Amino acid sequence: MRVIGLTGSIATGKSTCSQTLSSPPYSLPLIDADLLARKAVEPGTWGYRRIVATFGPTTPDLLLPASDPLCGGKEDGPNGKGRPLNRPALGRRVFGSSEERVRDRKRLNAIVHPAVRLYMARALLYYYLLGHWAVVLDIPLLFESGLDIFCSTVMVVAVSDPKIQMQRLRDRDPHLSAEDAENRVKSQVDVREKAARCEYRNNGKKNAGKGYVLYNDGGKEDLKLQIADVMVKIRSGSPRWWSFLLLVCPPLMATVASWEVLSNWWLRRKTRKERGEELAKTKM
């Protein structure tokens, strides 16, 4: 089974790309890291309790007020397991480039990421057993988290002009102030760096098929044309007989997967040496 890692930066068009890939004619299974992250911090979960214990004492508005419709007017939440997290308040606490916010963001990710990775592993096994030839891992922090080494192919949705990204973010989330929008963009590695890292996965080979960059500076139709072109190339490298062979022969699947992980790890190590340590920094 081919694992396609999909990433980008906020407001570059990654969601449009994931929706396209999970819809006909591709209809690929989609594992969305953001949705899994929400699941991992629902009231009553271990992640929820750790976040409340870690940030609650210093963030008075961390939880939604009981008067919020999502709380059902109850102090202990609609299901008695606690009031949902106030995501904008938590976002203000962890998004930004200051030392304090970077530290808090790392503390938050140390709580959320282990649970998300467990959910991902379970989903990958499920889709493999169902016989799917490929699955899409939609992960905003794909490179930062190091999960790119588990992907057969990586697709980065990028923009060449930072102004386009900022304008799209303000149009999409008008409630964000200019400062909040800038902090959210700066909290992630620059998308052009992600694009460069994606291209380095090909190790200088024109048709290696390990990394594709989609520049979404135009409209949705232009992006969809780029997706179609990339999917033809990816599909040609995964014929149906090969997918079937991997399904019926788990030892072969394990061998191929192990080789890909090792190869991707080596390429990532080489990239860090050639491009410097900036790409190796975890800005999570």
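Just so it is clear, the structure is predicted and the values come from calculations on it, not from any experiment. Every chain's residues receive numbers from 1 upward, in the order its sequence appears when written. Local features in this predicted model are restricted to residues whose pLDDT is 70 or higher, and side-chain atom pairs enter the listing and the counts only when it is 80 or higher, whereas totals over whole chains, interfaces and linings include all residues. Side-chain measures here rest on the full set of heavy atoms in the structure, leaving out hydrogens and waters.

Student: Any chance you could explain the packing of helix 7 (residues 162-172) against helix 8 (residues 178-186) here in plain terms?
Tutor: Two numbers describe a pair of packed helices, the interaxial angle and the distance between the axes. One way to put it is that helix 7 packs onto helix 8 with a least axis distance of 10 Å and a crossing angle of 125°. By the criterion of interaxial angle, the relationship of helix 7 to helix 8 is oblique. In this structure, helix 7 crosses over helix 8, and the sense of that crossing is right-handed. Contact residues: Gln165, Met166, Leu169 and Arg170 in helix 7; Ala178, Ala181, Glu182 and Val185 in helix 8. Any residue outside Ala, Val, Leu, Ile, Met, Phe, Trp, Tyr, Cys, Pro, Asp, Glu, Lys and Arg is labelled polar, Gly included; the first ten of those are nonpolar and the last four are charged. For the contact of helix 7 with helix 8, the per-class residue count stands at five nonpolar, one polar and two charged. Axis definition: a line fitted to C-alpha atoms, over the contacting stretch in the case of helices. Angles run 0 to 180 degrees between N-to-C directions. Segments assigned H or I by DSSP are reported as helices when at least four residues long, segments assigned E as strands when at least two residues long, and all are numbered from the N terminus. Between 65 and 115 degrees an angle is taken as roughly perpendicular, under 35 as roughly parallel, over 145 as roughly antiparallel, and anywhere else as oblique. Crossing handedness follows the turn of the near helix against the far one: under a right angle anticlockwise gives a left-handed crossing, and clockwise gives a right-handed one. Two residues form a contact once any of their heavy atoms are found within 4.5 Å.

Student: What exactly am I supposed to notice about helix 9 (residues 191-200) here?
Tutor: Count 3.6 residues to each turn of an α-helix, and residues three or four apart come out pointing the same way. Per-residue accessibility, obtained with a 1.4 Å probe over protein chains only, is compared with the maximum for each type, and a residue is labelled buried under 20%, exposed over 50%, and partly exposed between these values. Along helix 9, the residues classified as buried are Val191, Lys194, Ala195, Ala196, Arg197 and Cys198. Two N or O atoms count as a polar contact when they lie within 3.5 Å, although within protein this holds only if one can serve as hydrogen donor and the other as acceptor, and sequence-adjacent residues are included solely when both atoms are side-chain atoms. Its side-chain oxygen 2.8 Å from the backbone nitrogen of Arg192, Asp190 forms the N-cap of helix 9.

Student: Is there a simple way to think about the domain arrangement of the chain in this case?
Tutor: By a frequent convention, interface size equals the accessible area lost on bringing the separate parts together. Looking at the chain, the domain boundaries give domain 1 (1-29 + 133-283) and domain 2 (34-131). Here the limits of each domain have been adopted from an automatic or database domain assignment. Placing a centre on the C-alpha atoms of domain 1 and another on those of domain 2 gives a separation of 25 Å. Across the contact, 20 residues belong to domain 1 and 15 residues belong to domain 2. Together, the buried faces of domain 1 and domain 2 total about 1700 Å²; carbon and sulfur atoms form 66% of this surface. The quantity reported as buried area is the accessible area (1.4 Å probe) lost by two parts once they are put together, taken as the sum for both. It is Met1, Arg184 and Leu247 that lose the most area in domain 1 upon contact with domain 2, and together they represent 26% of the buried surface on that side. Here, a salt bridge means any Lys or Arg side-chain nitrogen found within 4 Å of an Asp or Glu carboxyl oxygen. Between domain 1 and domain 2 we count zero salt bridges in total. Mapped by element, the contributors of at least two residues to the side of domain 1 that touches domain 2 are strand 3 (134-138), helix 8, helix 11 (240-248) and helix 12 (250-275).

Student: Explanation requested: unusual backbone geometry in the structure shown.
Tutor: What you tend to see is this: most non-glycine residues have negative phi, and most peptide bonds are trans. At the junction of Pro24 and Pro25, the peptide bond is cis and its omega measures out at 10° in the coordinates. Within the secondary structure layout, Pro25 lies in the loop between helix 1 (14-21) and strand 2 (30-32). In this structure, Ala11 takes a positive phi of about 65° despite not being glycine. With respect to the helices and strands, Ala11 occurs in the loop between strand 1 (2-8) and helix 1. One non-glycine residue, Ser27, lies in positive phi territory at about 50°. Tracing the sequence through the fold places Ser27 in the loop between helix 1 and strand 2.

Student: Just checking my understanding: could you explain the pairing of strand 1 for this structure?
Tutor: As a general feature of sheets, a regular strand has side chains that alternate between the two faces. A large share of strand 1 lies buried, amounting to seven of its seven residues. In strand 1, alternate side chains face the same way, and those of Arg2, Ile4, Leu6 and Gly8 on one face and Val3, Gly5 and Thr7 on the other are all buried. Two strands qualify as a pair provided that DSSP identifies no fewer than 2 bridges between them. The pairing of strand 1 with strand 3 spans five bridges and is parallel. In the sheet register, Arg2 faces strand 3, and the bridge partner there is Ala134. Here strand 1 runs beside strand 4 (residues 153-158); their pairing, made up of five bridges, is parallel. Within the sheet, the bridge partner assigned to Ile4 lies in strand 4 and is Thr153.

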